[in-house]
Amino acid sequence: MKQKPKGVNTICTHVGEVKDEQFKGAVSPIYMASSYAFEDVDVKRYPRYFNTPNQEALSKKIAALEHTEGALIFGSGMAAISHAIMAFLSAGDHIVLQQTLYGGTYNFAVSQFDKYGISYSFTTGWTAADFEKEVRSNTKVIYIETPSNPLLTITDMAAVAELSKKHGLVSMIDNTFASPINQNPADFGIDIVIHSATKYMGGHSDICAGAIAASQEHIDKIWQSSICFGGSLSDQTVWLLERSLKTMALRVKAQNENALKMAQYLEDHDNIDVVYYPGLTSHADYELAKSQMSGFGGMMSFELHESTDPSDFMKALQLVKPSMSLAGVESTMLLPVKTSHSLMSPEDRQKQGIKDGLIRFSVGIEEIEDLIEDIEQALAQVKPKSVFA
Ligand SMILES: *Cc1c(COP(=O)(O)O)cnc(C)c1O
């Protein structure tokens, strides 16, 4: 009899454990060995081969969460991104990248591809037609990010997947912002699903890791080159990531709820000009977001009225921390222009619509009333500069 697929919290807590046969402990034991005997093992186990007991078990959990056949775990999100991309590109090949992109991925493209003889194009928008326009005869990969960082643009995953199939391309997505709880791109036909597990998967701002989920065929291909690049994750951190994933659905759902309330509050505030959040009906692609996401996530960005200095505002916050990373249980804010997108040229930032005063907000699991109160007091403290001063 075919088993009913498990619910997401059950996958988070149970799928892909290392069973403690010896002591029957409640949690996976950590196997730190970097050497495994050849006898009785049909695979050559080695940490860089992504197949220690803990790596293998956690891969199963991530594959189950992303509805794919397989997964690999990496030492960082950028390791996952670069290993995925490099597995499918050779000198002479071309890749189409979404214009609105995580700063590190943008930097990877502009600083590394040239020397490998790989050409690339950034789209001018994020509709399927914008992607198709950039496809050339030597294009091999289409790379998308939805919701994107930091403006939360939404890309039509099914349309991009269809377009990729039509042209025989491999489609890849950075699914970090949504997390596997809110969005499963494989269900829409996207080939390679990538995560910075440093974010929602880790969730506590204490792990740096990455993951790729895909069909076994694609995972095998990525594995071949990844064992050469050597971006695997230590078993100790693999174990910590497994522990974090047990509560991921609970955390992310709490963040979804908080973020929606927060976005509605900010949108109604006189001192705030724009709020970018896919769960707001005012978002340009709200309907599309609703059709491909089961929750709208904990990330948003907003622009204060020009009379308020964003740095002063962030300094006045007491509960929300100005911080580089995102997706932790604690709420954080940053200015993309000074941090995540500082490596991008001002012209490219302008093209993407990232204004100097844009604030990116990662909403945590604190009580929403406390978060709103913190923003109220910060705005009250930062007296708007008089227009006539
Ligand atoms: C943080 C982040 C990355 C990079 O991940 P690291 O773990 O820092 O290497 C990639 N994509 C997105 C959307 C991110 O937020």
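Look a little higher up for the structure.
Rules used in this analysis
- Residues numbered from 1 in each chain as written.
- Predicted model: local features only at pLDDT ≥ 70, side-chain atom pairs only at ≥ 80, totals over all residues.
- Heavy atoms only, no water.
- Helix = DSSP H or I, 4+ residues; strand = E, 2+ residues; numbered from the N terminus.
- Rg over C-alpha atoms; globule rule 2.2 N^0.38 Å.
- Buried < 20%, exposed > 50% of the residue type's maximum accessible area, 1.4 Å probe, protein only.
- Contact = heavy atoms within 4.5 Å.
- Areas by Shrake-Rupley, 256 points an atom, 1.4 Å probe, with all protein chains shown as cover.
- Lys, Arg positive; Asp, Glu negative; His and termini not counted.
- Charge placed at Lys NZ, Arg CZ, Asp CG, Glu CD.
- Phe/Tyr/Trp six-rings, centres within 6.5 Å; stacked < 30°, edge-to-face > 60°.
- Near = heavy atom within 4 Å.
- Polar contact = N/O pair within 3.5 Å; in protein donor to acceptor, adjacent residues only side chain to side chain.
- 1 Å grid on protein atoms, 1.4 Å probe; cavity = no way out; pocket = protein on both sides within 12 Å on 5 of 7 lines; lining within 4 Å.
- Sits in = over half its atoms within 2 Å of the grid points.
- Nonpolar A, V, L, I, M, F, W, Y, C, P; charged D, E, K, R; others polar.

Student: Is there a simple way to explain the overall build of the protein in this structure?
Tutor: Along the protein, the regular secondary structure elements total 14 helices and twelve strands. Taking 21 Å as the expected radius of gyration for a compact globule of 389 residues, we find that the protein reaches 21 Å, a close match to that expectation. Projecting the C-alpha coordinates of the protein onto the three principal axes gives extents of approximately 80 × 55 × 40 Å. Considering the protein as a whole, with its 389 residues, one finds that 55% of them fall into the buried category. For the protein, restricting intrachain contacts to residue pairs at least 6 apart in sequence, the fraction spanning at least 24 positions comes to 73%. By element, 53% of the accessible surface of the protein is carried by carbon and sulfur atoms, the whole surface being about 17200 Å². Measuring between centres, the 33 positive side-chain charges of the protein sit 4 Å from its 47 negative side-chain charges.

Student: Please clarify how the packing of aromatic side chains should be interpreted in this entry.
Tutor: Remark: the centre distance and the inter-plane angle together describe each pair of aromatic rings, the angle taken between the planes. If you walk through the whole model with that rule in mind, you get eleven aromatic pairs. Following the ring pairs from residue to residue traces out a cluster consisting of Tyr106, Phe108, Phe113, Tyr120 and Phe122.

Student: Whenever I open this one, the site of the ligand confuses me. Can you help?
Tutor: Around the ligand there are 14 residues in total, and Gly77, Met78, Asp174, Thr198 and Lys199 lie nearest to it. The separation between an oxygen atom of the ligand and a polar main-chain atom of Gly77 is 2.8 Å. Computed on the free molecule, the ligand has an accessible area of 380 Å², of which 91% lies beneath the protein chains in the complex. Assessed atom by atom at 2 Å from the grid points, the ligand resides in the largest pocket. Tallying contributions element by element places helix H3 (residues 77-88) first for the shell around the ligand, with three residues. Taken together, the residues that form the shell around the ligand break down as six nonpolar, five polar and three charged.

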